[in-house]
Amino acid sequence: MKGSFFRSMTWLHTWGGLLACWLLFVVFFGGTLSYFRYEISWWMQPESHGVVAEPDQQQAVQQVISVLQSKAPDSPLWFINLADERNPLTYYGYREAPQPGQKRGRFVDGYLFGDSQQDGINLRDTKGGDFFYRLHFDLHYMSAITARWIVGAAAMIMLVGLVTGIVIHRRIFADFFTFRNGKGARTWLDLHNISSVLALPYHLMITYTGLLTLMFLYMSAPVDKVYPGGRAQFFDDQNPTFQSVKAAGQRRSEPLPIQDFIQRFKAEKQVESVSRISINNPADENATVTVYGREAGQIAHYARSTLYNSQGDALGSSREAAFYAPEKTANTLIALHTAKFAPWPLRWLFVLGGVLGCIMVASGGVLWARRIAEKRLKANQPMGWNLRLVQAMNLATVAGLPLASLVFLYLNRLLAADFDGRREWEMHGFFICYLLVFLFALYQPGRRGWAFVWMLTGGMALALPLLNLLTTDYHLLAYLVNGQWALAGLELIVLAGGLIALWGARHCLSKPGIAHQQNARPGSYKVVTQ
Amino acid sequence: MSYLMVFSLLCLSMSYFATGQFSHFRAVHGVKLTGTRRQRQLLSAWGILFGGLLAACLVKGFAHGSLIWIGLLTPAALFVLLILQQRSTWLQRIRVVALLLCLFSLIALLYAG
Amino acid sequence: MQGIRGIFSAPATGILVRIGSATVLGYLATAECAVLIAALLPSAPLSSVLTAMLLSFPLFTALIMWSFHVPRAWRALTDLGGFYLAAALSNYLLLGALV
């Protein structure tokens, strides 16, 4: 296009980036918060903050099985997620037998509180950290598949943006340590470069592996057309524990010896603990049990699993010893995306990458607006509605999403714990806040608008520990004293984020720049000469 | 401890990469960067960079070691950038501190087994 | 000929042609090519299918960049279209069915 490779790639980088940047910010933002998915969920159910977990895994399994036995003896599926370092409570779920006209029964879940505390604790209903996790590829208010295609398109644009960004950035090494402060669009370009280049391995990895996590949706042609037997056969062959065994229709006489299965599994797979158990048709003669475990230090997660029938014969077992090289590669790459394996120091390095990703996308959007604003100012042109729209989207997305997340956390504490729609309304609150910030940003897209939203965000963030103190029986100091670092950490991070937001607000107010003079008076698009 | 060791090594490496550039060398040392000096800076930078990778892999194994190494590149470069931006004359002192921290963490690692 | 060139040199049409080629033709060509790779690789089906899927995303990226790089918009159409047809034809000959 129009001459050189450099120019065409710049065009693609600029306009592709602009098209996808707000959605990509949502994805990066939600994805980064997903590194703290379980911690956010824990914080959002304060009823569980005082619960002492059952430390012994064997005891926990025994207790949770007896709970399931009493609650859902005829269920077609039991599901158990055992407690680990990041999840203090054992989680269980079961599917109710389908009602007439229903394909599948309702899924009911709960937590195990240990023997003495079994009754009298009702955890409030909330989507918790899963909200951000789902948001970053399923979006909201639409079908998951549609959303995944949209996010996939954005991820492809991100990948193209990264590669074109590398080829058009001719001074990668020369500009490696360069940041020129207070120079308008130049400063934003430096920020864009720094946040992209310094975490480039992370950005490439997270974008590519993000596409890989859903590659059976995005690029299913090879497996559908080439693999003998198609996709279903592929999954059966790839993981032999996926096979389903039909119920016999006869009730079992004695309970399943799940503890024995676990012992066998640990010995055969050489793992120290079990992470997950799922039981199909527990009451039936043909019950099957799948046990999952993770070897400590292994990067690819769920590397080990075995499917047992009710007699304890292994029907199928994960083939980690027989993996083909591409399987190992794909498993490792996807595990790098989810980072479930990462211990805390490494997890924080991933978080840093995610934050730089947010800054990269945000600074790209702001840079576009600044460039256009400076160009139109120089040419004595009116600023135009399109620039205003971009500026408003920038403000609403970059500053609005943290604010909306805080609203989400606030609603979690302020809505009555037994209010039926609370789970939904926490999320509605998030999007209503986002919409309100967008409307405000259309009216005031300049520096003052940014300052106002940052100030609001900072204020709400700093008041969050206070809110927790007033609405629950716990507070930040108690978490610190009890060594509940996940809960204390969440509030400390929010506090730190609040301080940064306030600094941002001050920064926006201190230097009235070009954009501010332009946008201080809504409706007036006449140029003010500098 | 291994994180501290790799991080200080990478900071050291990044600082030499920075002083391998003309503008930053002048800001740190106050004199002009010459060709041979430039080569020496860059050589130490690359040497320490891959030394860091080797150390990380030796301590943590290849998979986790290389991950930690790549992950720590970002904060190390950010740190050096911050120093250059705010107090470029401190860079030489920072190098001494980084070297001491590296030795300290190495001893701690050896001592711990 | 002159008339066709006139249409394609209009900037907006050119951009639309490039976007269309990059997304539709680029995706189809990538899918066909991935099928071809999976069919041609001599390793076990499980392995070759996964390899093809892993390689497809970088390939798609390259095709998108190509359709914006070529100096004239119609080249995006012909290059990616040709690539798609070639891969589809090979698949037809190799697997005996249009994918």
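Definitions and cut-offs
- Residues numbered from 1 in each chain as written.
- Chains lettered and ligands numbered in written order.
- Predicted model: local features only at pLDDT ≥ 70, side-chain atom pairs only at ≥ 80, totals over all residues.
- Heavy atoms only, no water.
- Contact = heavy atoms within 4.5 Å.
- Buried area = accessible area lost by both parts, 1.4 Å probe.
- Polar contact = N/O pair within 3.5 Å; in protein donor to acceptor, adjacent residues only side chain to side chain.
- Helix = DSSP H or I, 4+ residues; strand = E, 2+ residues; numbered from the N terminus.
- Nonpolar A, V, L, I, M, F, W, Y, C, P; charged D, E, K, R; others polar.
- Core = buried A, V, L, I, M, F, W, Y, C linked by side-chain atoms within 4.5 Å.
- Buried < 20%, exposed > 50% of the residue type's maximum accessible area, 1.4 Å probe, protein only.
- Expected span 1.5 Å × (residues − 1).
- pLDDT = per-residue confidence, 0-100.
- Pairing = 2+ DSSP bridges.
- Axes fitted to C-alpha atoms, helices over the stretch in contact; angles between N-to-C directions.
- Phe/Tyr/Trp six-rings, centres within 6.5 Å; stacked < 30°, edge-to-face > 60°.
- Lys NZ or Arg CZ within 6 Å of the ring centre and 35° of its normal.
- Salt bridge = Lys/Arg side-chain N within 4 Å of Asp/Glu carboxyl O.

Asks: How would you explain the interface of chain B and chain A if you had to name every residue and give the values?
Replies: Between chain B and chain A, the contact holds 21 residues from the first and 21 residues from the second. For the pair chain B and chain A, the summed buried surface comes to about 1700 Å²; carbon and sulfur atoms form 77% of the total. When the buried surface of chain B facing chain A is broken down by residue, B:H64, B:L67 and B:L81 rank first, second and third, together holding 30% of it. Linking chain B to chain A there are four residue pairs in polar contact (both at pLDDT 80 or more). Those elements that place two or more of their residues in the side of chain B that touches chain A are α1 (2-19) and α4 (62-86) of chain B. The element contributing the most residues to the side of chain B that touches chain A is α4(B), with 15 residues. For the side of chain B that touches chain A, the class distribution of residues is 15 nonpolar, six polar and no charged.

Asks: Please give an account of the nonpolar core that cites residues and values.
Replies: Core analysis: the largest hydrophobic core is formed by 159 residues, its most contacted members being A:F177, A:L346, A:F350, A:F430, B:M14 and C:F57. For this core, the element with the most residues is helix α14 (residues 384-414) of chain A, which contributes 16 residues. Once residues lying within four places of it in the same chain are set aside, the contact partners of A:F177 are B:M14, B:F17, B:A18, B:Q21, B:H24, B:A77, B:V80, B:L81 and B:L84. The next biggest cluster of nonpolar side chains, apart from the first, holds 27 residues, and it includes A:L68, A:W78, A:Y94 and A:A287.

Asks: Requested: an account of helix α18 (residues 485-510) of chain A, with residues and values cited.
Replies: All names here are of chain A. For α18, which comprises 26 residues, the first-to-last C-alpha distance of 37 Å matches the rise-based estimate of 38 Å (1.5 Å per residue) to within 8%. Burial in α18 covers these residues: L487, A488, G489, L490, E491, V494, G498, A501, G504, A505 and C508. Where the residues of α18 are buried, they touch α2 (37-43), α14, α16 (447-471) and α17 (476-482).

Asks: Outline the interface of chain A and chain C, supporting the account with residue identities and numerical values.
Replies: Across the contact, 36 residues belong to chain A and 31 residues belong to chain C. Taken together, the two surfaces of chain A and chain C that pack against each other cover about 3000 Å², and 86% of this comes from carbon and sulfur. One can count two residue pairs in polar contact (both at pLDDT 80 or more) joining chain A with chain C. At the level of secondary structure, the elements contributing two or more residues to the side of chain A that touches chain C comprise α1 (5-34), α5 (144-168), α7 (200-213), α8 (215-218), α9 (221-225), α10 (230-238) and α12 (325-338) of chain A. For the side of chain A that touches chain C, the element with the highest residue contribution is α5(A), accounting for six residues. Class assignment of the residues belonging to the side of chain A that touches chain C gives a composition of 27 nonpolar, four polar and five charged.

Asks: Pulling in residues and values, what's your account of helix α13 (residues 344-378) of chain A?
Replies: Taking 1.5 Å per residue as the helical rise, α13(A) with its 35 residues ought to reach 51 Å, and the 50 Å between its terminal C-alpha atoms agrees with that figure. Positive phi shows up at A:N380, right after α13(A), with a value of about 55°.

Asks: Report on the confidence of the model for chain A, specifying residues and quantitative values.
Replies: On average, chain A scores 88 in pLDDT, and the residues at 70 or more come to 94%. Scored below 50 in pLDDT, residues 514-530 of chain A makes 35 contacts in the model with residues more than four places away or belonging to other chains.

Asks: Can you tell me about the sheet that holds strand β6 (residues 304-309) of chain A, naming the residues and giving the values?
Replies: To summarise the sheet geometry, strands pair through backbone hydrogen bonds and adopt either a parallel or an antiparallel arrangement. Residue and element names in this part refer to chain A. If you walk across this open sheet you meet the seven strands as β3-β2-β1-β4-β5-β6-β7, and the pairing is antiparallel. With one partner strand each, in any of the chains shown, β3 (107-112) and β7 (314-317) form the two edges of the open sheet. Shown here is a sheet whose adjacent strand axes are inclined to one another by a mean of 15°, direction ignored. Strand direction decides the pairing type here: strand β5 (residues 288-293) and β6, joined by six bridges, are antiparallel. Following the sheet pairing, Y292 is matched in β6 by S305. The sheet contacts of helix α3 (residues 57-71) involve β1 (77-81), β2 (90-95), β3 and β4 (274-280), and relative to β2 the element is tilted by about 30°.

Asks: Describe in detail the environment of A:I40, supporting the description with residues and values.
Replies: All names here are of chain A. Relative to the helices and strands, I40 is located in helix α2. Judged by its relative accessible area of 5%, I40 falls in the buried class. Note: C-alpha distance between I40 and L490 (450 residues apart in sequence) is 7.3 Å. Setting aside residues up to four positions removed in sequence, I40 forms contacts with L33, G128, G129, F132 and L490.

Asks: Can you lay out the side chain of A:T472 for me, pointing to particular residues and giving the numbers?
Replies: Residues and elements named next belong to chain A. Mapped onto the elements, T472 comes out in the loop between α16 and α17. Here the side chain of T472 touches Y474 through a polar contact of 3.2 Å, landing on its backbone oxygen. For T472, the residues in contact, after removing those within four places along its chain, are P46 and R413.

Asks: Could you give an account of the pairing of β4(A), with specific residues and numbers?
Replies: Residues and elements named next belong to chain A. Relative to β4, β1 runs antiparallel, the two sharing five bridges. Bridging across to β4, N81 finds its partner in R276. With six bridges joining them, β4 and β5 adopt antiparallel strand pairing. Each residue of the ladder has a partner; that of N280, found in β5, is T288.

Asks: Outline unusual backbone geometry, supporting the account with residue identities and numerical values.
Replies: Residue and element names in this part refer to chain A. In this structure, L139 takes a positive phi of about 50° despite not being glycine. The residue L139 is located in the loop between α4 (130-138) and α5 in this model. Looking at L139, the relative accessible area reads 12%, which means it is buried. The phi torsion at Q270 lies on the positive side, around 55°, for a residue other than glycine. Take Q270: it is sitting in the loop between α11 (258-269) and β4.

Asks: Kindly report on the packing of aromatic side chains, identifying the contributing residues and their values.
Replies: All chains considered together, the criterion is met by 36 aromatic pairs over all chains. A ring pair is formed by A:W11 and A:W15, whose centres lie 6.5 Å apart and whose planes are at 35°; its orientation type is tilted. With A:W11 and A:W15 both in helix α1 and four residues apart, the pair spans about one turn of that helix. Between A:F440 and A:F452 the ring centres are 5.1 Å apart and the planes differ by 50°, which places this aromatic pair in the tilted class. In this pair, A:F440 sits in helix α15 (residues 422-443) while A:F452 sits in helix α16, placing the two residues 12 residues apart along the sequence. Looking at A:F440, the relative accessible area reads 23%, which means it is partly exposed. The rings of A:F131, A:F132, A:Y141, A:F408, A:F430 and A:F431 are connected pair by pair, giving a single aromatic cluster. The ring of A:Y292 carries A:R276 above its face, with NZ or CZ at 5.7 Å from the centroid. Its guanidinium or amino end placed over the ring of B:W90, B:R87 lies 5.6 Å from that ring's centre, counting from NZ or CZ.

Asks: Can you break down the pattern of salt bridges residue by residue, with the values?
Replies: Scanning the model with the defined rule gives 18 salt bridges over all chains in all. Where A:D190 meets A:R180, a salt bridge forms, and the shortest distance between an N and an O atom there is 2.9 Å. Residue A:D190 is located in helix α6 (residues 185-197), and its partner A:R180 is located in the loop between α5 and α6; the two are separated by 10 residues in the primary sequence. A salt bridge links C:D79 to C:R75; its shortest N-O distance comes to 3.1 Å. Here C:D79 and its partner C:R75 are both found in helix α4 (residues 73-95), four residues apart, which amounts to about one turn of the helix. Exposure remark for C:D79: the relative accessible area of 22% places this residue in the partly exposed category. Put simply, A:R134, A:D138 and A:R148 are held in one network by salt bridges that share partners.

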